[in-house]
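Descriptive analysis of the structure
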Amino acid sequence: MPRSTTSLRLLTSALAMSLGPAPAWAQSAPAPAPIQAQVQTLSLELNAAQPSDKGCRPTFVVNNSLGADLSKAAFEIALFNEAGVVDRLTVLDFKDLPAGKTKATRFDLAGADCGKLSRVLINSATECAGTGIEPATCMRGLKTSTKTGIAFGV
């Protein structure tokens, strides 16, 4: 065997041995953690409650993260007085709620006294409509919060 061929083989063998076994980082990477499903919510915040000429004017901030536009969303609410007794039931119509959009809206509650309101309870979704939306979706995905001294929830 010619001397140049032998030298080339020795050089190739020495190079291969110097590399040694493949380092851990060169081995296949572990499978990525499964992506958790995006939590689909309809966030409803009681942001303010101010006296008005008609009675009480609550302001709500709503964010539709359900993943689909709502063409109509309305909720029956119960208003509790300072003694914790239901004063009235009424329906608040939030109308259309585009997916991914945050919207602030006010309602006038005639004859209601904001100072005597102790709690606002969401009884049910009277309307929850949109492409690919089941009627129960609005209540199932509903998350409530308040920035007022009035208890607010389901």
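First, a word on scope: everything that follows refers to the structure included in this document. (Residues numbered from 1 in each chain as written. Predicted model: local features only at pLDDT ≥ 70, side-chain atom pairs only at ≥ 80, totals over all residues. Heavy atoms only, no water.)

**Details of the packing of aromatic side chains**
Tallying each qualifying case throughout the model produces 5 aromatic pairs. Here the aromatic rings of Phe60 and Phe107 are separated by 5.9 Å at their centres, their planes lie at 70 degrees, and the arrangement is edge-to-face. One end of the pair, Phe60, is in strand β2 (residues 55-65); the other, Phe107, is in the loop between β5 (102-106) and β6 (109-110), and 47 residues separate them in sequence. Each member of the pair, Phe60 as well as Phe107, is classed as buried. When the centroid spacing of 6.0 Å and the interplanar angle of 75 degrees are considered together, the rings of Phe75 and Phe94 count as edge-to-face. Of this pair, Phe75 sits in strand β3 (residues 70-80) while Phe94 sits in strand β4 (residues 86-97); the two residues are 19 residues apart in sequence, bridging distant segments of the chain. (Phe/Tyr/Trp six-rings, centres within 6.5 Å; stacked < 30°, edge-to-face > 60°. Helix = DSSP H or I, 4+ residues; strand = E, 2+ residues; numbered from the N terminus. Buried < 20%, exposed > 50% of the residue type's maximum accessible area, 1.4 Å probe, protein only.)

**A look at the pattern of salt bridges**
Summed over the entire model, instances satisfying the criterion amount to 5 salt bridges. A salt bridge links Lys72 to Asp93; the nearest nitrogen and oxygen atoms lie 2.6 Å apart. Placement of Lys72 in strand β3 and of Asp93 in strand β4 is noted, with a sequence separation of 21 residues between them. Looking at Lys72, the relative accessible area reads 26%, which means it is partly exposed. For Arg88, the salt bridge identified is with Asp87, shortest N-O distance 3.4 Å. (Salt bridge = Lys/Arg side-chain N within 4 Å of Asp/Glu carboxyl O.)

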